[in-house]
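Observations on the three-dimensional arrangement
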Amino acid sequence: DGYGNTSDSTTDHTKPGYIANGGDCDDADLNIHPGAGEVCNGVDDNCDGAMDEGCMTYYRDADGDGYGNPSDSTTATSQPSGYVANGGDCKDNDPGINPAATETCNGTDDNCDGNSDEGCTTYYRDGDNDGYGDPADSVVDTSLPSGYAANPDDCDDSNAAIYPGAVELCDGLDNDCDGATDEDCPITIYYRDADGDGYGDPADSTTTPTAGYVTNDEDCNDADDTTCPGCAEKCGNGMDDDCDGAVDEGCVTYYEDADGDGYGNPVVTKSVASPAPPPGYLANAGDCNDNDATIHPGATEACNNWRDDDCDGRVDEDCISGSGGGGGGVGGVAVPVDKFGLLAPWICLMMLVMAVVVSVLICKKKRGATTLWF
């Protein structure tokens, strides 16, 4: 290569294989000698005591974003095609990711600084604009988007009156989002109003405001909207219409007087609120036969008609029947006893005397003697 090995010299003025210039730093390689072009090969090609001077490392830029892959490099004295001097690209197959890129909130290290989404914040959808967001609906951004809030503590994002710190109302809702409903409120019991009369069934209740329920539990028949406290009491139906515990109070029962004798039939009645009886009815119910005007309490008991004329439960009382003449009394007729009952003993005595006389006469005829038998 025209340069000799400085470590191998001679003083002979002529010696084959030797030359006067001894600056070769690698006499085994003819490409290495003073004046040779420096090649980026990790060798001192020009024997100036330095290696690869003028050489640079270049990095493969596969995505063309001006930043190369630090894991794919080469050295050269000039920039090769497809390579760049900057090797800071952390994802060389995406031109949007490089050290100069703007960090976006996408879960990726866009600017290759080793961090993802720095400067990003999670914001929560604030559908009711009360300043508190829905924890189940969020986005990540570097600034607050419209319609979102930084606080995720809204427990009902459809109601602007419900949020942390709101006043708790006694309405069955968790107004202040503390996980409790109607705390510090008096407990209200609601009762089923099945008939819609405004009064509830005490046996069917709930503490939650519910359609079809009321706070009143005074209905005594929740299947009938005409039965309730304050409803009019109806006479004659045997029901407690006004739920006061009494049946047909204020009503008067009148009895039908079909025969017009001034005494009513205890079986046929009408109950009305009026103090005046309905036509054909009266307050006296003692008639035992309302089809006969001669039969009623206080009527004279007639003999031999086998009827209870005076409605005292007895037939032909105070009448006496004799034993002869086909069932007749004295002289064959029934005789009424005097008012004080004094006639009956005398009649009995007279009948006894007559029986004695008859017995005596019979005995005389048969025996010829008088023997009295009693």
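Residues numbered from 1 in each chain as written. Predicted model: local features only at pLDDT ≥ 70, side-chain atom pairs only at ≥ 80, totals over all residues. Heavy atoms only, no water.

1. With respect to the packing of aromatic side chains
Inclusion rule: Any two rings among Phe, Tyr and Trp, with Trp reduced to its six-membered ring, count as a pair given centres within 6.5 Å; such a pair is stacked if its planes are under 30 degrees apart, edge-to-face if over 60, and tilted if neither. Starting at the N terminus, helices and strands are each numbered in turn, a helix being any DSSP run of H or I of at least four residues and a strand any DSSP run of E of at least two. Relative accessible area decides the class of each residue, using a 1.4 Å probe on protein chains only: under 20% of the type maximum gives buried, over 50% gives exposed, and in between gives partly exposed. To sit over a ring, a charge needs its Lys NZ or Arg CZ within 6 Å of the ring centre and within 35 degrees of the ring normal.
The final tally for this structure, using the stated rule, is one aromatic pair. Taking the centre distance of 5.6 Å and the plane angle of 10° together, the rings of Y132 and Y163 count as stacked. Pair noted here: Y132 is in the loop between β4 (121–125) and β5 (138–141) and Y163 is in the loop between β6 (148–149) and β7 (190–192), with a separation of 31 residues, a long-range link. For Y163, a relative accessible area of 27% gives the class partly exposed. The side chain of R125 reaches across the aromatic face of Y148, ending 5.7 Å from its centre.

2. Here's the deal with the side chain of D310
Cut-off, in case you're wondering: Only four residue types enter the charge count, namely Lys and Arg as positive and Asp and Glu as negative; His and the chain termini do not. Any carboxyl oxygen of Asp or Glu that lies within 4 Å of a side-chain nitrogen of Lys or Arg is treated as forming a salt bridge with it.
Its location among the elements puts D310 in the loop between β12 (281–282) and β13 (319–320). Here D310 is buried and forms no salt bridge, its nearest opposite-charge partner R314 lying at an N-O distance of 5.9 Å.

3. Some words on the confidence of the model for the chain
Rules: Confidence of the predictor in every single residue is expressed as pLDDT, which spans 0 to 100. Here, residues are in contact when the closest pair of their heavy atoms is within 4.5 Å.
Taken as a whole, the chain shows an average pLDDT of 87; of its residues, 88% reach a score of 70 or greater. Contacts of residues 337–342 to residues separated by more than four positions or lying in other chains number five contacts, the stretch itself having pLDDT below 50. Confidence drops under a pLDDT of 50 for residues 370–374, and excluding neighbours within four residues, the segment shows seven contacts in the predicted structure.

4. Section: the state of the cysteines
Note the following rule: Cysteine sulfur atoms are paired as a disulfide whenever they come within 2.5 Å of each other.
Taken as a whole and assessed by the stated rule, the structure comprises 11 disulfides. There is a disulfide in this structure between C90 and C112, and the S-S distance comes to 2.0 Å. Residues C90 and C112 share a disulfide whose torsion about the S-S bond is about -80°; that sign makes it left-handed. Note that C90 is positioned in the loop between β3 (83–84) and β4 and C112 in the loop between β3 and β4, a separation of 22 residues in sequence. With relative accessibility at 45%, the residue C90 sits in the partly exposed group. Assessed through its relative accessible area of 18%, C112 is described here as buried. Residue C235 pairs covalently with C251 via a disulfide, S to S 1.9 Å.

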